[in-house]
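# Structural overview
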Amino acid sequence: MTGATSILAIVGPTASGKTDLALKLAVSKNAELISVDSRQIYKHLSVGTAKPEGTWTNGTYSVQDIPYHLLDIWDPARPFSAADFVRLCTEKISEIQKRGKQAILVGGTGLYFKALSEGLAPLPPADPMIRARLKREAEEKGRAHLHHRLSKIDPEAALKIPANNIQRLIRALEVFELTGKPISEWHKEHSSRLSSPAADKPSSPTVAGGGLNFVGIDIPRPELVKRIERRSQAMIRDGMVEETKALLERGYGERSPALTGLGYPRILSYLKGILSKDECLTLLIQDTRQYAKRQMTWFRHQLPVQWNA
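Read on for a plain summary of the structure.

Quick notes on the rules
- Throughout this description, residue numbers start from 1 for each chain and increase along the sequence as written.
- Only residues with pLDDT of at least 70 get local features here, since the model is predicted, and only at 80 or more are side-chain atom pairs given and counted; chain-wide, interface and lining totals rely on the full set of residues.
- Each side-chain value is derived from all of the structure's non-hydrogen atoms; neither hydrogens nor water enter the calculation.
- The helix count covers DSSP runs of H or I at least four residues long, the strand count covers runs of E at least two residues long, and both are numbered beginning at the N terminus.
- C-alpha atoms define the radius of gyration, and 2.2 Å times the number of residues to the power 0.38 defines the globule rule.
- Only protein chains enter the accessibility calculation, which uses a 1.4 Å probe; a residue whose area is less than 20% of its type maximum is buried, one above 50% is exposed, and one in between is partly exposed.
- One requirement defines pairing of two strands: DSSP has to find at least two bridges between them.
- Axis lines are fitted to C-alpha atoms, over the contacting stretch for helices. Their N-to-C directions set the angle, which ranges from 0 to 180 degrees.
- We call a set of buried Ala, Val, Leu, Ile, Met, Phe, Trp, Tyr and Cys residues a nonpolar core when their side-chain atoms join them within 4.5 Å.
- Residue contacts are defined here by distance: any two heavy atoms, one from each residue, within 4.5 Å place the two residues in contact.
- Comment on the angle field: the value is read as roughly parallel under 35 degrees, roughly antiparallel over 145, roughly perpendicular from 65 to 115, and oblique elsewhere.
- When residues are grouped by polarity, Ala, Val, Leu, Ile, Met, Phe, Trp, Tyr, Cys and Pro land in nonpolar, Asp, Glu, Lys and Arg in charged, and all others, Gly among them, in polar.
- Side-chain atoms alone can form a polar contact between residues adjacent in sequence; in general such a contact is a pair of N or O atoms within 3.5 Å, and within protein one must be able to donate a hydrogen while the other accepts it.
- Any two of the Phe, Tyr and Trp rings considered here, Trp counted by its six-membered ring, make a pair once their centres fall within 6.5 Å; the pair's planes then place it as stacked at under 30 degrees, edge-to-face at over 60, or tilted in between.
- Here a helix's expected span is defined as the number of its residues, less one, multiplied by 1.5 Å.
- Here the arc refers to the set of directions running from the helix axis out to each C-beta atom.

Moving on: the overall build of the chain. A tally of regular secondary structure across the chain gives 12 helices and 8 strands. Against the globule reference of 19 Å for 309 residues, the chain gives a C-alpha radius of gyration of 19 Å, in line with a compact fold. Counting only C-alpha atoms and orienting by the principal axes, one finds that the chain spans roughly 55 × 45 × 40 Å. Expressed as a percentage of the 309 residues in the chain, the buried residues total 47%.

This next bit is on the sheet that holds strand β6 (residues 102-107). Overall, mixed pairing links the 8 strands, which are arranged β3-β4-β5-β2-β6-β1-β7-β8 in an open sheet. On the outer flanks of this sheet lie β3 (55-57) and β8 (306-308), each paired with one strand and no other. Taking the axes of each pair of neighbouring strands and ignoring which way they run, one obtains an average angle of 35° across the sheet. Bridge count between strand β1 (residues 7-11) and strand β7 (residues 212-217): 5 bridges; the pairing is parallel.

Once that is clear, we can look at the nonpolar core. With 42 residues, the main nonpolar core has I34, F80, F85, C89, L105, F113 and F214 as its most contacted residues. For this core, the element with the most residues is helix α2 (residues 82-98), which contributes 7 residues. Residue contacts for F214: discarding those within four places in its chain leaves A9, V11, F113, S117, L303, P304, V305 and Q306. The next biggest cluster of nonpolar side chains, apart from the first, holds 21 residues, and it includes A22, V63, I219 and L224.

Glancing now at the pairing of β7. In terms of burial, β7 is a largely internal element, 5 of the 6 residues being buried. Sheet analysis places β7 next to β8, joined by 3 bridges and oriented parallel. Bridging across to β8, I217 finds its partner in N308.

Between helix α11 (residues 264-271) and helix α12 (residues 277-302), whose axes approach to 9 Å, the crossing angle comes to 170°. Accordingly, the angle class assigned to the pair α11 and α12 is roughly antiparallel. Contact residues: α11 offers R266, I267 and Y270, while α12 offers K277, C280, L283 and D287. When the residues that make up the contact of α11 with α12 are grouped by side-chain class, the tally is 4 nonpolar, no polar and 3 charged.

Quick look at unusual backbone geometry now. Unlike most non-glycine residues, H44 shows phi in positive territory, near 70°. Position of H44 relative to the elements: it lies in the loop between β2 (31-36) and β3. Overall, H44 belongs to the partly exposed group, its relative accessible area being 31%. Not every positive phi belongs to a glycine, and L70 is a case in point at roughly 65°. Here L70 shows up in the loop between β5 (66-69) and α2. Taking relative accessible area as the criterion, L70 reaches 4% and is therefore assigned buried.

Now for the environment of R227. For R227, the position within the fold is in helix α9 (residues 221-237). Counting along the chain gives 62 residues from R227 to R289, while the straight-line C-alpha distance between them is 10.0 Å. Here the side chain of R227 touches S16 through a polar contact of 2.9 Å, landing on its backbone oxygen.

Using the criterion set out here, one finds 6 aromatic pairs in the structure. Look at W74 and F80: their rings are 4.8 Å apart centre to centre, the planes differ by 75°, and that puts the pair in the edge-to-face class. Look at F85 and Y112: their rings are 4.9 Å apart centre to centre, the planes differ by 15°, and that puts the pair in the stacked class. With F85 in helix α2 and Y112 in helix α3 (residues 110-118), this residue pair connects regions lying 27 residues apart in the sequence.

If you check helix α4 (residues 128-141), its first and last C-alpha atoms are 20 Å apart, about what 14 residues at 1.5 Å a residue would give, namely 20 Å. Within α4 the residues assigned to the buried category are I130, L134, E137 and A138. The buried residues of α4 occupy an angular sector of 100° when the element is viewed end-on, so they sit on one face. In α4, the exposed positions that point more than 90 degrees away from the buried face belong to P128, M129 and E140. Its side-chain oxygen at 3.0 Å from the backbone nitrogen of M129, D127 defines the N-terminal cap of α4.

Here you go:
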């Protein structure tokens, strides 16, 4: 991408302090924030997603009087894709710039940043019949069954897609059924086209006003672990269990896309009596530490990030 003005994108692992930094910068730069988070997009889930506390005023969510977009807007039963993010984020950037302000992107969902900056691989459209069949299979035989199948046909994708991420798992299997080619190969070919000087660049990565300037927060691992432990303890203390129960009482099933994210499957296991509260907390901390490690590996290898301690 080229452009006269780059847009600041703050990245880093969970619990590293991205939101605090973004809010400070928003004040000094007369900016509005856009969340790049695959779970904070959902309504009714705030504690377990560490959604920054804010208020709705005239249709705009604000945190410390700073407009903060793409938070708390998506129905928990609806899947939210990278394509959805690119569409909504591009619209918000344009709106912000028309108001004469800067946009600052902040979050930890690396795939969304990559999709926004590089575009999406030209994958085939969704097939409702295949998706419905795979969803039924997951319900009958378990997500691990589908994940095992993916590991056979596309080991690279299986390493990147957790078994609990049913949306991405079904999409990877669907693409293979439709094309006979692993989804990881589609992404590799897309990246190769982008890196080729002679290749036509895709028209899909539309970042109004310029490219993305990635700045990453990198704090020492021991300090990050402490932060993760404190955050996980606070989530349990401040109502993540009650939040999950409330969503179920609203009529949302435990397989709703919003409840497949980090932490919520552990809470569901606790509610079923499979885990004790202490076991739930221990596993929540363990899962979050592993997730933070995967985030850092991904950011270091997939995006041109300038790292700051």
